[in-house]
Amino acid sequence: MTARKKRKSPDGTPTNDLVFSAYVGTNDEVFPFVLSLYVEPGSTVADVTYGKGVFWRNVPPDAYKLLATDLQSGVDCRSLPYQDGSIDCVVFDPPYMHTPGGTAHVDHQNYEGYYKNNLTRSEKKYHEAVLDLYFKAAREAWRVLREGGTYVVKCQDEVCANQQRLTHVEIINELQSYGFVVEDLFVVVRNGRPGVSRLLKQAHARKNHSYFLVFLKPKGRKRWAGLKNRLQITTNGTGKPRLPPAKNEEFPLFH
């Protein structure tokens, strides 16, 4: 009688502590998971629309070499002060909706005021101006990224002039023509329901989600195989990130 071969156990460690493609929460709760999968600790990261640094609230401050710039600091994402191929990761999060008259999308940064678009002499207006910014910033990101580098883009779809604009699809299609490889997509669903809107008739679904798009500047034909050294995200038991305690923090003797 032939002895049956023992079935080989699968490689790897069983776990349910995984990074998922969709989260209900805020940008600063999701962004660390994006970094943990695609940006190795110690990397040089240029956040070219840093603003108040919201994305970085739950990222350990010593995890990356962060170059934080924006228009307020005098640096335009379309003309960065970095050498070709010198950056490991670029992060881009502009105001991603047009704001005609400065009153639409009041919960977002004023796009026209921030980027000086939609003026009389502007080449593009409204949603086309938003796309134009994404495309020009992407070309500059391509220049400063090293081969194998990561480009993290935040965006949201919008309805413009009663026309559905799937911004994330438009961005993906354009950036692929530059040579970028779209590697991942994270969906961020906002907490709670959007505020009450006055309307006569609803024609499109109200947007309550946005995206982190992850692009790679390819290095030859090599496919993405994951990081050997990952940023470890400590969670609070509900899947939300939690920073490790400061070194000088005192712990209570009893819980």
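Within each chain, residue numbers correspond to sequence positions counted from 1 in written order. Side-chain atom pairs in this predicted model are given and counted only at pLDDT of 80 or more, local residue features only at pLDDT of at least 70, and totals for whole chains, interfaces and linings cover all residues. Excluding hydrogens and water, the side-chain values take into account all heavy atoms of the structure.

**Quick notes on the overall build of the chain**
Working step 1: Put simply, DSSP marks the helices as runs of H or I at least four residues long and the strands as runs of E at least two long, and each gets a number from the N terminus on. Counting its regular elements, the chain contains 4 helices and 9 strands.
Working step 2: Reading the helices (α) and strands (β) of the chain from amino to carboxyl end gives β-α-β-β-β-α-α-β-β-β-α-β-β.
Working step 3: Residues counted as buried form 40% of the 255 residues belonging to the chain.
Working step 4: We call two residues contacting when some pair of their heavy atoms lies within 4.5 Å. The long-range share in the chain, meaning contacts at least 24 apart out of those at least 6 apart in sequence, stands at 72%. Burial classification: accessible surface area is computed with a 1.4 Å probe over protein chains only, and a residue below 20% of its type maximum counts as buried, one above 50% as exposed, and the rest as partly exposed.

**Observations concerning the environment of G51**
Working step 1: Within the fold, G51 resides in the loop between β2 (44–47) and β3 (65–68).
Working step 2: The exposure class assigned to G51 is partly exposed, which follows from its relative accessible area of 43%.
Working step 3: For the pair G51 and D93, spaced 42 residues apart in the sequence, the C-alpha separation amounts to 9.2 Å.

**Regarding the side chain of D157**
Working step 1: Tracing the backbone shows D157 in the loop between β5 (145–155) and β6 (158–160).
Working step 2: One polar contact links the side chain of D157 to the main-chain amide nitrogen of T167, over a distance of 2.9 Å.
Working step 3: Identification of polar contacts relies on pairs of N or O atoms within 3.5 Å, with a donor-acceptor requirement for protein atoms, meaning one able to donate a hydrogen and the other able to accept it, and with residues adjacent in sequence counted only if both atoms are side-chain atoms. Polar contacts involving the side chain of D157 include one to the side chain of Y211, which spans 3.3 Å.

**So, the nonpolar core**
In a soluble, globular protein the nonpolar side chains are often hidden away together inside.
Working step 1: Nonpolar cores are built from buried Ala, Val, Leu, Ile, Met, Phe, Trp, Tyr and Cys residues. Side-chain atoms within 4.5 Å join them into one set. With 31 residues, the main nonpolar core has F92, Y151, L175 and F215 as its most contacted residues.
Working step 2: Looking at this core, the elements that each hand over two or more residues are β4 (87–92), α3 (126–144), β5, α4 (167–178) and β9 (209–216).
Working step 3: Contacts of Y151, omitting those with residues within four sequence positions, involve V90, F92, A137, A138, A141, L145, L175, F180, L213, V214 and F215.
Working step 4: Ranked by size, the runner-up nonpolar core spans 23 residues in total, among them F33, V34, V45 and L231.

**Some words on the pattern of salt bridges**
Working step 1: Throughout this description, the term salt bridge denotes a Lys or Arg side-chain nitrogen within 4 Å of a carboxyl oxygen of Asp or Glu. In the structure shown here, the tally under the stated rule is 7 salt bridges.
Working step 2: The partner of R143 in a salt bridge is D84, and the shortest N-O contact between them spans 2.7 Å. On the criterion of sequence distance, the pair formed by R143 in helix α3 and D84 in the loop between β3 and β4 is long-range, its members being 59 residues apart.
Working step 3: Residue class for R143 comes out partly exposed when judged on its relative accessible area of 25%.
Working step 4: Connected through salt bridges with shared partners, the residues D84, E140 and R143 form a single ionic network.

**Remarks on the pairing of β5**
Working step 1: Extensive coverage of β5 is indicated by the burial of 8 of its 11 residues.
Working step 2: The sheet contact formed by β4 and β5 spans 5 bridges and is parallel. Of the residues in β5, the one forming a bridge with V91 is V152. Strands are treated as partners if at least two bridges between them are detected by DSSP.

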